[in-house]
Amino acid sequence: MVRFSEVGLRYGAPQRPLGARRGEAARQAGAATRPEVLRDLSFTLPAGSFTWLLGASGAGKSSLLRLMQLALRPTRGTVEVLGLDIGGARRWQLPHLRRRIGVVFQDFRLLPHLTAFDNVALPLRLAGRPEGQLRADVLEMLRWVGLDSRLHALPPEMSGGEQQRVAIARAVVTRPALLLADEPTGNLDAPQARRVLALVGEMNRLGTTVVVATHSQELVARQPAPALRLEGGRLVGDR
Amino acid sequence: MSAIADRDAAPPAGLAAETRPAGGGPAGTPPGTASRPGRRRDRDPLGLRRALSDRLLPGLVAAMALLAALALGGARGAATLAARWQTGAAAAVLVQVPEPAAPAAPAEGAPAGGPPAARRLDAPPAARRLDGPPAARRLDAALAALRSIPSVSEARPMDDARMQALLRPWLGDAADLPLPGVIELRLDPDAALPEGADSLEARLAAVAPGALVESHGLWVARLGALARSLQAVSLAALLLVAGVAAAVVAVATRAGLIARREAIGVLHTLGATDGDIARRFARRVFALAGAGALMGAALAVPLLAGLAGLAAPLLGGAAGAGSGIGWAWAGLPWAELVALPPLAALIGWATAQLTVRRWLRRLP
């Protein structure tokens, strides 16, 4: 479950290090110079839900996703992800939670010197899964995204669509409780986009809470679901 | 491209099932085909092999280790010199007391009552002869005065047989020559600043006019003090080198962190703990620093052996080439040299851990 309540975000505001609670006044003072990129967001995404995140470029979709993936802490308000209050959590509590969140980045963010196999295996290895166990999962995941012939390819040797699929395989290989995707079909042709959407839908059917940011109306039309609409950092349409 | 579209969208079984039966990999993919490159590269997801180059850091650490080894050699050499000079024959101070048998001048430091014979005024002025009776009075008074000085650990008269043996090459068996009494002094090696020859002579003048202090031993004692200072300086240099090495490691680690900022961000997002990331850096730095220090220490060995060979004659070793090298070899600070690489590796490991963990605090 993801719950936002009265959430505001400014970049440049001091992020609380190590979960230490700094004075509210100090945070406000440091942040006062920049405008809020997200304002007064309040919504709840139930566990197992599928939600579109819509809005023009610069509306704050990526910032909202970064809050959900624990890459940022809110400047004000409360963000609760999978049962943990992110603003008040200790820093050491976050890595474990991050392992339950799968993220597909718009720019893939694959590690360039690791093969497709190793990129997909990375979350499992970080979680301490033994080599013997993770191999089958990784191979199956790569086969399923159609890259079983490209196991040893490095990202720079792959097309944008192939990298996109590796990024998706990496995001779902741990069977995350929350799957966040930022324009996951941006680099794919129509059949591939359909397939990726089908995968994400299947993950959702298996119980994963899914949030997909996109500005493709075509994609939304294909899979009707509740949507969060952002405009200028504010929520303009809920559901 | 079309392959993916042709497949149906059913998710892999692994997504649906919480646990998988062993060997449940997809058919047609023999287990282990992908493991070899995977296992090899897994150790370096951050690409640290390139970010923390195996040239620069080991080179710098090797230079530091070489300096540390030289400082160690210096400390060892100074310690050996100090010990040798302070305990060996060279540490003795010789005091000549003319007319040793003449009655002592009255002095505070002199014993209250001497034997009655010593007060006789008719004693021959140069009574002491090599075969004569043992010297009395002035020599004894000088001895007593010297023994009352705190920094003098031992004062004893040189016996006649030894005097004779020493003088025979120059004087033959000239038994009739009047000879001064000679006192051999040993100075306390722990006394910070031994007394000067002048002050010793001044003390002796009261009881034994004309007493001469041969200051060679005093110089040796002062050299001993200098050697101890050198030893302290060497140890300070060692600490400084360790500090600089830690700073070098910190700078290199920060450069590596900045070069791998993106990859660290990815690992962080995937749920890597600070410990996970710090461990990867620290392991790499541990190996690089250890290897560098090993090179530096190895380089230092012949250098130190050469220096020790040069110092051998000063230290009582043989000056001859063959035995000198063997002696120098044994005199190297082997334990410290062997400890250098693991110590450098540990310093590197700890510094990298601290640097990475501090840097990672900027991430939420």
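Residues numbered from 1 in each chain as written. Chains lettered and ligands numbered in written order. Predicted model: local features only at pLDDT ≥ 70, side-chain atom pairs only at ≥ 80, totals over all residues. Heavy atoms only, no water.

- Chain A has the name Cell division ATP-binding protein FtsE in an unreviewed UniProt entry, where Roseomonas acroporae is given as its organism.
- As stated in UniProt under Sequence similarities (unreviewed entry), the record for chain A gives "Belongs to the ABC transporter superfamily." (UniProt positions renumbered as here; feature names shortened; annotations may be inferred.)

1. Side note on the overall build of chain A
- Helix and strand counts for chain A come out as eight helices and ten strands.
- Evaluated residue by residue, chain A yields a buried proportion of 58% over its 239 residues.
- Summarising the internal contacts of chain A: among those between residues at least 6 apart in sequence, 74% fall at separations of at least 24.
- Accessible surface for chain A amounts to roughly 8900 Å². Of this, 50% is attributable to carbon and sulfur atoms. (Helix = DSSP H or I, 4+ residues; strand = E, 2+ residues; numbered from the N terminus. Buried < 20%, exposed > 50% of the residue type's maximum accessible area, 1.4 Å probe, protein only. Contact = heavy atoms within 4.5 Å. Areas by Shrake-Rupley, 256 points an atom, 1.4 Å probe, with all protein chains shown as cover.)

2. Digging into the sheet that holds strand S5 (residues 84-85) of chain A
Residues and elements named next belong to chain A.
- Read from one edge to the other, the open sheet built from four strands follows the order S2-S1-S4-S5, with strand pairing classed as antiparallel. The open sheet has two free edges, formed respectively by strand S2 (38-45) and S5, since each of these has just one partner strand.
- Here five bridges tie strand S1 (residues 2-9) to strand S4 (residues 76-81), and the two strands are oriented antiparallel to one another. Within S4, the position partnered with Arg3 by the bridge is Glu80. (Pairing = 2+ DSSP bridges.)

3. Quick look at the pattern of salt bridges
Residue and element names in this part refer to chain A.
- Tallied over the entire structure, the rule returns 18 salt bridges over all chains.
- The closest approach of N and O atoms between Asp118 and Arg125, which form a salt bridge, is 2.8 Å. Note on accessibility: Asp118 and Arg125 belong to one class, buried.
- Two residues, Arg222 and Glu218, come together in a salt bridge whose shortest N-O distance is 3.3 Å. One end of the pair is Arg222 and the other is Glu218, both in helix H8 (residues 217-222) and four residues apart, which spans about a single turn.
- Assessed through its relative accessible area of 39%, Arg222 is described here as partly exposed.
- Connected via shared salt-bridge partners are Glu36, Asp40, Arg76 and Arg234. (Salt bridge = Lys/Arg side-chain N within 4 Å of Asp/Glu carboxyl O.)

4. Quick notes on the packing of aromatic side chains
All names here are of chain A.
- Under the criterion given, the structure shown has two aromatic pairs over all chains.
- Here the aromatic rings of Phe4 and Phe43 are separated by 4.6 Å at their centres, their planes lie at 15°, and the arrangement is stacked. One end of the pair, Phe4, is in strand S1; the other, Phe43, is in strand S2, with 39 residues separating them in the sequence. The burial state of Phe4 is the same as that of Phe43; both residues are buried.
- When the ring of Phe50 is compared with that of Trp52, the centres are 5.2 Å apart and the planes differ by 70°; the resulting orientation is edge-to-face. Taken as a pair, Phe50 and Trp52 share a single burial class, namely buried.
- The aromatic ring of Phe105 is capped on one face by Arg109, whose charged end is 4.6 Å from the ring centroid.
- Stacked on the ring of Trp144, the Lys or Arg Arg195 has its end atom at 4.9 Å from the ring centre. (Phe/Tyr/Trp six-rings, centres within 6.5 Å; stacked < 30°, edge-to-face > 60°. Lys NZ or Arg CZ within 6 Å of the ring centre and 35° of its normal.)

5. Describing the packing of helix H4 (residues 116-126) of chain A against helix H5 (residues 131-144) of chain A
Residues and elements named next belong to chain A.
- One can describe the packing of H4 onto H5 by two numbers: an axis separation of 9 Å at closest approach and a directional angle of 130°. Judged on the interaxial angle alone, H5 and H4 are oblique. Two packed elements cross with a definite hand, and for H4 against H5 that hand is right-handed. Of H5, the residues touching H4 (which contributes Ala116, Phe117, Val120, Ala121, Leu124 and Arg125) are Glu131, Leu134, Arg135, Asp137, Val138, Leu139 and Leu142. (Axes fitted to C-alpha atoms, helices over the stretch in contact; angles between N-to-C directions. Parallel < 35°, antiparallel > 145°, perpendicular 65-115°, else oblique. Left-handed = near helix turned anticlockwise from the far one by under 90°.)

6. With respect to unusual backbone geometry
All names here are of chain A.
- The backbone of Glu6 sits at a positive phi, close to 55°, despite the residue not being glycine.
- Position of Glu6 relative to the elements: it lies in strand S1.
- Here the phi dihedral of Arg175 falls at roughly 55°; this positive angle occurs in a residue that is not glycine.
- Mapped onto the elements of the fold, Arg175 is located in the loop between helix H6 (160-172) and strand S7 (178-182).

7. Observations concerning the nonpolar core
- Counting 48 residues, the largest nonpolar core has Leu46, Leu57, Ile264, Leu267, Ile277 and Phe281 of chain B as its most contacted members.
- Elements with a minimum of two residues in this core: H4 of chain A together with helix H4 (48-51), helix H5 (56-87), helix H9 (216-259), helix H10 (261-269), helix H11 (274-311) and helix H13 (334-360) of chain B.
- Of all the elements, H11 of chain B adds the most residues to this core, at 13 residues.
- Other than its neighbours up to four places away in sequence, Ile277 of chain B contacts Leu46, Ile264, Leu267, His268, Ala272, Val356 and Leu360 of chain B.
- With 43 residues, the next largest nonpolar core counts Phe50, Leu54, Val120 and Ala167 of chain A among its residues. (Core = buried A, V, L, I, M, F, W, Y, C linked by side-chain atoms within 4.5 Å.)

8. A few points about the pairing of S4 of chain A
Residues and elements named next belong to chain A.
- Pairing of S4 with S5 involves two bridges; the strand directions are antiparallel. When the sheet's bridge partners are listed, Glu80 is paired in S5 with Asp85.
- If you look at the hairpin formed by S4 and S5, you'll find two residues sitting between the two strands, and Leu82 has a positive phi there, around 50°.

9. Thoughts on the side chain of Asn119 of chain A
Residues and elements named next belong to chain A.
- For Asn119, the location among the structural elements is in helix H4.
- Judged by relative accessible area, Asn119 falls into the buried class, the value being 0%.
- Residue contacts for Asn119: discarding those within four places in its chain leaves Leu110, Leu111, Leu114, Pro155, Val166 and Arg170.

10. With respect to a positive patch on the surface
- There is a patch of like positive charges on the surface, built from Arg254, Arg261, Arg358, Arg361 and Arg362 of chain B.
- Examined against the element boundaries, Arg261 of chain B turns out to sit in helix H10. (Patch = residues over 30% accessible without salt bridge, like charges linked within 9 Å, V, L, I, M, F, W, Y side chains within 5 Å. Lys, Arg positive; Asp, Glu negative; His and termini not counted. Charge placed at Lys NZ, Arg CZ, Asp CG, Glu CD.)

11. Looking at helix H6 (residues 138-147) of chain B
Residues and elements named next belong to chain B.
- Of all ten residues that make up H6, seven are buried, and the element is covered over most of its length.
- Taken as a whole, H6 has its buried residues at Arg138, Leu139, Ala141, Ala142, Leu143, Ala145 and Leu146.
- Summarising the contacts, the buried residues of H6 are in contact with strand S1 (92-97), strand S2 (152-157), strand S3 (181-187) and helix H8 (197-207).

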